[in-house]
Number of protein chains: 2
Amino acid sequence: MAPAVASNCVTLMNDLPLDSGQVLSGVEIAFETYGELNADKSNAVLIFHALTMDQYVASPHPITGKPGWWVDSVGPGKVIDTDRFHVICANVIGSCMGSTGPASPASDGQPYGMRFPVITIRDMVRAQIALLDQMEIGQLYCVIGGSMGGMQALSLAANFPERTARVLAIATTARHSAQNIAFHEVGRQAIMADPNWREGDYYGEEPPAAGLAVARMAAHITYLSEEGLTEKFGRRLQDRDAKSFGFDADFQVESYLRYQGSGFTQRFDANSYLYITRAMDYFDLAEEHGGRLADAFANSKARFCVISFDSDWLYPTAESRHIVHALNAAGAAVSFVELSAPHGHDSFLLDVPAQDRVIKGFLE
Amino acid sequence: MAPAVASNCVTLMNDLPLDSGQVLSGVEIAFETYGELNADKSNAVLIFHALTMDQYVASPHPITGKPGWWVDSVGPGKVIDTDRFHVICANVIGSCMGSTGPASPASDGQPYGMRFPVITIRDMVRAQIALLDQMEIGQLYCVIGGSMGGMQALSLAANFPERTARVLAIATTARHSAQNIAFHEVGRQAIMADPNWREGDYYGEEPPAAGLAVARMAAHITYLSEEGLTEKFGRRLQDRDAKSFGFDADFQVESYLRYQGSGFTQRFDANSYLYITRAMDYFDLAEEHGGRLADAFANSKARFCVISFDSDWLYPTAESRHIVHALNAAGAAVSFVELSAPHGHDSFLLDVPAQDRVIKGFLE
């Protein structure tokens, strides 16, 4: 059964100060909610979405019509039980699914484009805290996020420690590594190399779809494991018996990547991709707190749960251990589990029963 | 001391039959030689170059002016001693440094562009065997190659087993994995997405440099290790004290990648990148020999040496073990060593003393 869902968009009453020193006014936040908020507002769970995801965590995507990206885990009677919790998922600022981003109108009525300020993960969290303020929700039951969602969960725990009782961070990191930055930079350069990008001023014209597709393809490889790719595709040919000795997609993996690349351009704005990857690359929670990660969590009284996947080479288990060691040093209550799953980074989005058990236990 | 070097270009007397069924006529092969060929022509060592390398193994590159790509290992008194060996390194067909490739004139006098036939690793080897025939060199003392060079070394051992006494295959694989194909496909799509590519018909016009630079950047990440990138760059900023909150290359790793990308476009042809990556993706030595890799080596009496690097995630040690197991099954004499080096796939090009010792021992 699908959860009762409400689609909302609110305008933040106050200006939003940003890490860059700039200020955003009239910020809109689009969000979905699932399940009822109880009378004392103690059952709210905030789910943070990842880079290319959105607020449609358990409701159909309005452009693609596909089911919500975590519909297996969020719903009535499911692991994140919407009969029990009021689940909120908001589109991050900088994105393109209703919250203020580079495609939104600036004060002159024209799209921001590259005039949009560079934002950080903490800025994304600030915007969602402002949303919670307007909803008059004080302390969340739990914040949950995978990948960039996990960065937001950690950032909230560090910067707004009183706002949640529990923090669940999955397949994530406390800082972007040089390799992480490098892969993102390739994607940004692919977008910026597309002549349709026009320095970001392409709204109303042909968007830089070819560059965005290449960016998505490069990133997508990092979301999967070598083992998973081999299992799923190996060297199998696509709809043919022999190699074509040409440049068509002979191999299934080529065809799959091209499909991933072109599909993505139907639902995502290239400038948003630039801004959100930049925010991730800038993320370094220790640096924000004087250089010592444990200090980031000094004021948190929340319980933490950290999950990693053994086949995730984008944010490998070592990154999670780094977080857990810092939480230990800060005296926080933390449980940690590395799960075995063959699907690489994307495992957190897939049906991994062991993950369900861990989440269920943590939310009890 | 630099080795005595001779730059040569010969036209193959015979037509070159290709795996695709097509035939190339009037094939030119550009090659460098170092050291003297002895009277009985028993001291010739053929070095195969990798994807983006060329015949300038130990002599300055004519475009960049940089030293040869393996000058630390090849020269008088060096590990591959040109006082003792006559070292030959030929530009592969499909490339752009003098051997016939997509930029070469077809029979109509115009550049082939995408009319150039799709070639395979075996075709590259066939062309070099034809070169050896014209040089009247029967059996080589050794063939040596890293990465795609290693594929050629294995292909020669399998398809022309009588032509070498020794085979040294470094940081390579007997077949391209789904992940290897996926990374190459991203590069090809980046090139083809560049409007300057014009279906490959860009000679005399602006080349698709932006697309080629993105392709190079994506590939370059795979040549390095996560550990090496972290050690070399970490999250250090480039010529600034604080983040710019913009899209310039804030991080050193971004600046480095951009430099790698743009530098590459000065010396390499985008169509050659398409054709050579395709040849690598098509490479599957077992498939060529009835599906069992050991059968590929059934007729070889050569001695083999296989080297891998523990930080190489492009062609990890498991790929080398796969080759070694097949050689064992074929009853071949093989030594295998996994070397520890922090630099990832590119370790084979760098100064790794342990590699020098292994090569020196193998060539005795």
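Draft legend 1. Region of the structure containing the overall build of chain A. On a plain count of helices and strands, chain A comes out with 11 helices and 12 strands. Taken along the three principal axes of its C-alpha coordinates, chain A extends 65 × 50 × 45 Å. Burial status across chain A gives 57% buried among its 364 residues. When contacts within chain A are restricted to residue pairs at least 6 apart in sequence, those whose partners lie at least 24 apart make up 71%.

Draft legend 2. Region of the structure containing the nonpolar core. Counting residues in each nonpolar core, the largest one holds 248 residues, and the members touching the most others are Val45 and Val214 of chain A together with Val45 and Val214 of chain B. Residues in contact with valine 214 of chain A, not counting those within four places in the same chain, are Ala190 and Gly261 of chain A together with Val186, Gln189, Ala190, Ala193 and Val214 of chain B.

Draft legend 3. Focus on the domain arrangement of chain A. Residues and elements named next belong to chain A. Per the domain assignment, the segments making up chain A are domain 1 (5-176 + 283-362) and domain 2 (180-277). Each of domain 1 and domain 2 was reduced to a C-alpha centroid, and the two centroids are 25 Å apart. Facing the 26 residues of domain 1 at the interface are 23 residues of domain 2.

Draft legend 4. Molecular detail of the sheet that holds strand S1 (residues 5-11) of chain A. Residue and element names in this part refer to chain A. With respect to topology, 8 strands assemble into an open sheet ordered S1-S4-S8-S5-S9-S10-S11-S12, the strand pairing being mixed. One side of each edge strand has no neighbouring strand; the edge strands of this open sheet are S1 and strand S12 (333-339). Shown here is a sheet whose adjacent strand axes are inclined to one another by a mean of 20 degrees, direction ignored. Sitting on the sheet, helix H1 (residues 121-134) is in contact with S1, strand S4 (28-34), strand S5 (44-48) and strand S8 (86-90), with an inclination near 65 degrees to S4.

Draft legend 5. Just the packing of helix H3 (residues 178-193) of chain A against helix H7 (residues 270-282) of chain A, in detail. Residues and elements named next belong to chain A. Put simply, H3 and H7 touch, their axes get as near as 10 Å, and they point 160 degrees apart. In terms of orientation, H3 lies roughly antiparallel with respect to H7. Seen along the crossing, H3 lies across H7 with a hand that is left-handed. In contact with Ile181, His184, Gly187, Arg188 and Ile191 of H3, H7 contributes Ala270, Tyr273, Leu274, Thr277, Met280 and Asp281.

Draft legend 6. Seen up close, the pairing of S8 of chain A. All names here are of chain A. In terms of residue burial, S8 counts as a mostly covered element, since 5 of its 5 residues are buried. The alternating pattern of S8 places His86, Ile88 and Ala90 and Val87 and Cys89 on opposite faces, both of which are buried. Relative to S8, S4 is paired through 4 bridges, and the arrangement is antiparallel. What sits directly across from glutamate 32, in S8, is cysteine 89. Of the strand pairs in this sheet, S5 and S8 are connected by 4 bridges, and their pairing is parallel. Its bridge partner lying in S8, isoleucine 47 is registered against cysteine 89.

Draft legend 7. Structural view of the sheet that holds strand S4 (residues 28-34) of chain B. All names here are of chain B. Within the open sheet, the 8 strands sit side by side as S1-S4-S8-S5-S9-S10-S11-S12. Their pairing is mixed. Each edge of the open sheet carries a strand with a single partner, namely strand S1 (5-11) and strand S12 (333-339). Here the strands of the sheet are splayed against their neighbours by 20 degrees on average, with no regard to which way each runs. Direction of pairing for strand S11 (residues 303-309) relative to S12: parallel, over a ladder of 7 bridges. Residue pairing for S12: cysteine 305 is matched across the bridge by serine 335.

Draft legend 8. Focus on the relation of the copies chain B and chain A. Placing chain B over chain A gives an RMSD of 0.0 Å and needs a rotation angle of 180 degrees, together with 0.0 Å of translation along the axis. Here the transformation between the copies is reduced to the relation of a two-fold axis. Mapped onto chain A, 100% of the interface residues of chain B again fall at the interface, so both copies present the same surface.

Definitions and cut-offs
- Residues numbered from 1 in each chain as written.
- Chains lettered and ligands numbered in written order.
- Predicted model: local features only at pLDDT ≥ 70, side-chain atom pairs only at ≥ 80, totals over all residues.
- Helix = DSSP H or I, 4+ residues; strand = E, 2+ residues; numbered from the N terminus.
- Buried ≥ 20, exposed ≤ 12 C-beta atoms within 10 Å, placed from the backbone.
- Contact = placed C-beta atoms within 7 Å.
- Core = buried A, V, L, I, M, F, W, Y, C linked by C-beta atoms within 7 Å.
- Domains from an automatic or database assignment.
- Pairing = 2+ DSSP bridges.
- Axes fitted to C-alpha atoms, helices over the stretch in contact; angles between N-to-C directions.
- Parallel < 35°, antiparallel > 145°, perpendicular 65-115°, else oblique.
- Left-handed = near helix turned anticlockwise from the far one by under 90°.
- Least-squares fit on C-alpha atoms with pLDDT ≥ 70 in both.

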